[in-house]
Each structure stands twice: as structure tokens, then as C-alpha cells.
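Chain by chain, the residues:
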Amino acid sequence: MIEVDSTVLENPSDEDYESAGYDTSTTSLSSSVFQYVFENGRRYHSYYGTDKYNMPTDEKEQDRLDLHHELLRLVWDEKLHEAPLEKPHRILDVGCGTGIWAIDMADKYPMAEIIGTDLSPIQPNWVPTNCVFQVDDAMMDWTFPDNYFDFIHCRNMASGVSNWDHLISEMLRCTAPGGYVELCEGEIKFNCDDGTMAEDNPLKVFVDTLKESMVKSGRIPPDMPFLKRLLEKAGFEDITTFKANEPVGPWPKDPRLKKIGAMQMLHSETLFESYEMAAFTRALDMDVKKAQELCDAGRAANLNKNYHTYSTYNRVYGRKSSGRN
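Because the structure is a prediction, the values reported are computed rather than measured.

The subject of this paragraph is the packing of aromatic side chains. Across all of its chains, the model carries eleven aromatic pairs by this definition. Centre to centre, the rings of F144 and F149 are 5.0 Å apart; their planes meet at 80 degrees, and the pair counts as edge-to-face. Each of the two residues, F144 as well as F149, counts as buried. On the basis of an interplanar angle of 45 degrees and a centroid distance of 6.4 Å, the ring pair of F206 and F280 is categorised as tilted. Separated by 74 residues along the polypeptide, F206 in helix α6 (residues 202–216) and F280 in helix α8 (residues 255–283) bring together distant segments of the chain. Each member of the pair F206 and F280 is classed as buried. Of the aromatic side chains, those joined through ring pairs into one cluster are W142, F144, Y148 and F149. Taking NZ or CZ as reference, R90 lies 4.0 Å from the ring centre of Y148, over its face.

This is the structure in C-alpha cells:
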């Protein structure tokens, strides 16, 4: 039995909560989602708890997210998704960030309703009429009906996912029979084929430390086998995988990869600080000065033309059985 607050029982002739000392105005309730915390000169999410997400939400980070979106469009030859969609009616973007992918999808599929959800309301107000954004925590039970979406998209969510099984089960429940789910994640790893990345290379030190902080925070650094197993375990069919390489710097000979590397180098100017500062100081209890030194070293290594490194980005999609509800 749920006990009633005694203040609510006072003055029964008054029906509104204001009489009991509660501000229930829309402005008051909605303004709480704009509450943030500031650490090391950056703004972070706090509405659902500071432990939910270790990356900033400020304008500097929003610029990085938008740049990364354009980088991924280049990496994937302008394809916003890999799943073979045919006249979708409803599309969900989980962890939509600035909303840029959802907005592009709204333009691509004007007949569809596009919904983007995120912990923080950092999306623009001026968007296509078929695109809406909602503040929500994907780690909680979803409020969407069963079999509702033709396509559910989830990109760059690894640092915020504390329970992948729950996330995938909600995706499965809310996907319409015959609909698709697509997961898109970069591997927390730098690769090198010519031996120019030593064990003490600041780029390797950075990703190894980042992995450590993720594990300690209850986050799983995803790779392709992990993403594929998630969909297999949930019962998705026709699971298909794709991977692409992102050079760090314009060192490749191939003109397309050189362009990707140049854009990645620009993107990385703020990437290290975004991924590192809160994760290292919170999860690893690292001294701020030490965390900043690792950040600066990684950024400097990123600009070194003698380090021929690259990262791998994965996409995997699966189809919900047409006979499954």
C-alpha cells in the first residue's frame, strides 16, 4: 500500500497541488530537464543522474557530434543506414544526441514519423514537421507500444548503456514484425598495420585507459561479435554486418581515406576531452591534472604524421520475424 503524503491531505476543499506546496506548472516540470552539472569547464547531464552518461552536453560537444555525423556520412558513402527499408511509417532514433541523424532521416523519408529520444534536450527547435524529440532514458522501460516502429536506430550509445540485454529487449518489443533494428558503434581500439604505434603510444594508452574506465562504470566496450550476438540472442533474423575503417590523419594514399582521415583529425581535436575527462576522473578517480595530460598527449599524437593508425566502425542490423509479435 502506498502511503499518502500528509500535506496532500490538508485542505481537501482545494483540488490543486499548489495548495499543498507543489509547483506542478509545465514550465517548472520541464525546466528540470535543463539542469546540468559543470566539471572541468564542461557541462554534463544530471536530470537522470550524473552516472548515466560521462560525456559532455555543451555546445562544444554538440559541434563535435554534428561533425562526427558528417564524418560518418563520408565513411558510409552518404548512407544513413544499412537496413533495407521500404516506405517506413515510424522510425525511432535511440540516443539521438543533437538530432542530426533523425532530421536527415525525416528529409529522406517525408512519409514517416521520426522520433528521437535522448537524456538531454539539446536538439534544435526548427525541425521537419515529421520529426519530434523526447527526453527519455533508454535504460528504463519504454513507453512506446508493442510492434510500433518499422525501424529502430541506435548509434554511439556504448558509453551510456548499462544493460544491453534490456535495451535490445525493448527494441525487439517495440519493433513491428518485419521491421529492423540497427546498431552502430565504433570499437574502442586503435589499429596499426605498419608498426608505427608502439605500446606506449599516447593513442593506445588513451583507448586502453578508456576501456578500463568503461568496464569500471559497468559499460561494455562493443566490437562486432558482441553487437551481432546481442541481436542473435534476442531472436532477430537476417542479421547482417558491415565495418569501415577511419584513419586518424590524412596519411592514407587512397584519396577517399585521406579525406576521411583529415576530417577525423579535425573531429579528434575535441574527442579526447569529451571521452576522457569525466570518465577518468569519475570512474578511475584520476587526478584532473593527470587526466588532462593524457588528453593533451592523445591530441598531440593524433597530429603526428608518423603514426599510421585507424579505428574501426561497425554497423549491424537484424529483422524481427514477420510472424513474431
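Back to the text.
Two elements in contact, helix α3 (residues 59–75) and α8, have axes whose closest approach is 10 Å; the angle formed by their N-to-C orientations is 155 degrees. Between α3 and α8, the angle falls in the class roughly antiparallel. The hand of the α3/α8 crossing is left-handed. Here K60, E61, R64, L67, H68, E70, L71, L74 and V75 of α3 come into contact with α8, specifically with R256, K259, I260, M263, Q264, L266, H267, T270, L271, E273, S274 and Y275. Tallied by class, residues from the contact of α3 with α8 come to nine nonpolar, five polar and seven charged.

This part takes up the pairing of strand β1 (residues 36–39). In terms of strand pairing, β1 meets strand β2 (residues 42–45) through four bridges, oriented antiparallel. What sits directly across from Y36, in β2, is H45. In textbook terms, the turn of a hairpin is the stretch between consecutive antiparallel strands, and for β1 and β2 this stretch comprises two residues, one of which, N40, has a positive phi near 50 degrees.

What follows concerns the pairing of strand β3 (residues 90–94). Burial of β3 is extensive: four of the five residues sit out of reach of the surface. Relative to strand β4 (residues 113–118), β3 runs parallel, the two being bridged by five bridges. When the sheet's bridge partners are listed, V94 is paired in β4 with T117. Crossover β3 to β4 through helix α4 (residues 100–108) is right-handed. As judged from the four bridges shared by β3 and strand β6 (residues 149–155), these two strands associate in the parallel manner. The residue of β6 that forms the bridge with I91 is F151.

Another aspect to go through is empty space enclosed by the protein. In this structure the tally under the stated criterion is two cavities of 30 Å³ or more. Estimated volume of the largest cavity: approximately 520 Å³. As for the largest cavity, its lining consists of 35 residues, of which Y53, G95, G97, D118 and N156 are closest to the centre. Elements that contribute at least two residues to the lining of the largest cavity include exactly α3, β3, α4, β4 and β6. Ranked by residue count, the leading element in the lining of the largest cavity is α3, at six residues. L92, V94, T117, D136, D137, A138, W142 and F144 together form the lining of the second largest cavity. Residue classes in the lining of the second largest cavity are distributed as five nonpolar, one polar and two charged.

Tallying each qualifying case throughout the model produces 21 salt bridges. For the salt bridge of K233 with D165, the shortest nitrogen-to-oxygen distance reads 3.3 Å. Taken together, the residues span a long stretch of sequence, with K233 in helix α7 (residues 224–234) and D165 in helix α5 (residues 164–174) at a distance of 68 residues. For K233, a relative accessible area of 65% gives the class exposed. Relative accessible area serves as the criterion here: at 43%, D165 is assigned to the partly exposed category.

Before going further, it helps to spend a moment on the layout of surface pockets. Considering only enclosed or pocket space, the largest pocket measures out at about 600 Å³ in volume. Taken together, 38 residues line the largest pocket, and the ones lying closest to its centre are G186, E187, I188, L210 and Y275. Looking at the lining of the largest pocket, the elements with two or more residues in it are β7 (175–186), α6, α8 and β10 (309–319). For the lining of the largest pocket, the element with the most residues is α8, which contributes nine residues. Class assignment for the residues of the lining of the largest pocket results in 17 nonpolar, 13 polar and eight charged.

Here the chain averages 88 in pLDDT, and 88% of its residues register 70 or above. Contacts of residues 1–5 to residues separated by more than four positions or lying in other chains number two contacts, the stretch itself having pLDDT below 50. Low pLDDT, under 50, characterises residues 20–29; the stretch is placed with twelve contacts to residues that sit more than four places away or in other chains.

Cut-offs applied
- Residues numbered from 1 in each chain as written.
- Predicted model: local features only at pLDDT ≥ 70, side-chain atom pairs only at ≥ 80, totals over all residues.
- Heavy atoms only, no water.
- Phe/Tyr/Trp six-rings, centres within 6.5 Å; stacked < 30°, edge-to-face > 60°.
- Buried < 20%, exposed > 50% of the residue type's maximum accessible area, 1.4 Å probe, protein only.
- Helix = DSSP H or I, 4+ residues; strand = E, 2+ residues; numbered from the N terminus.
- Lys NZ or Arg CZ within 6 Å of the ring centre and 35° of its normal.
- Axes fitted to C-alpha atoms, helices over the stretch in contact; angles between N-to-C directions.
- Parallel < 35°, antiparallel > 145°, perpendicular 65-115°, else oblique.
- Left-handed = near helix turned anticlockwise from the far one by under 90°.
- Contact = heavy atoms within 4.5 Å.
- Nonpolar A, V, L, I, M, F, W, Y, C, P; charged D, E, K, R; others polar.
- Pairing = 2+ DSSP bridges.
- Right-handed = clockwise from strand over helix to strand, strands pointing away.
- 1 Å grid on protein atoms, 1.4 Å probe; cavity = no way out; pocket = protein on both sides within 12 Å on 5 of 7 lines; lining within 4 Å.
- Points joined across faces, edges and corners; volume = space filled by probe spheres on them.
- Salt bridge = Lys/Arg side-chain N within 4 Å of Asp/Glu carboxyl O.
- pLDDT = per-residue confidence, 0-100.

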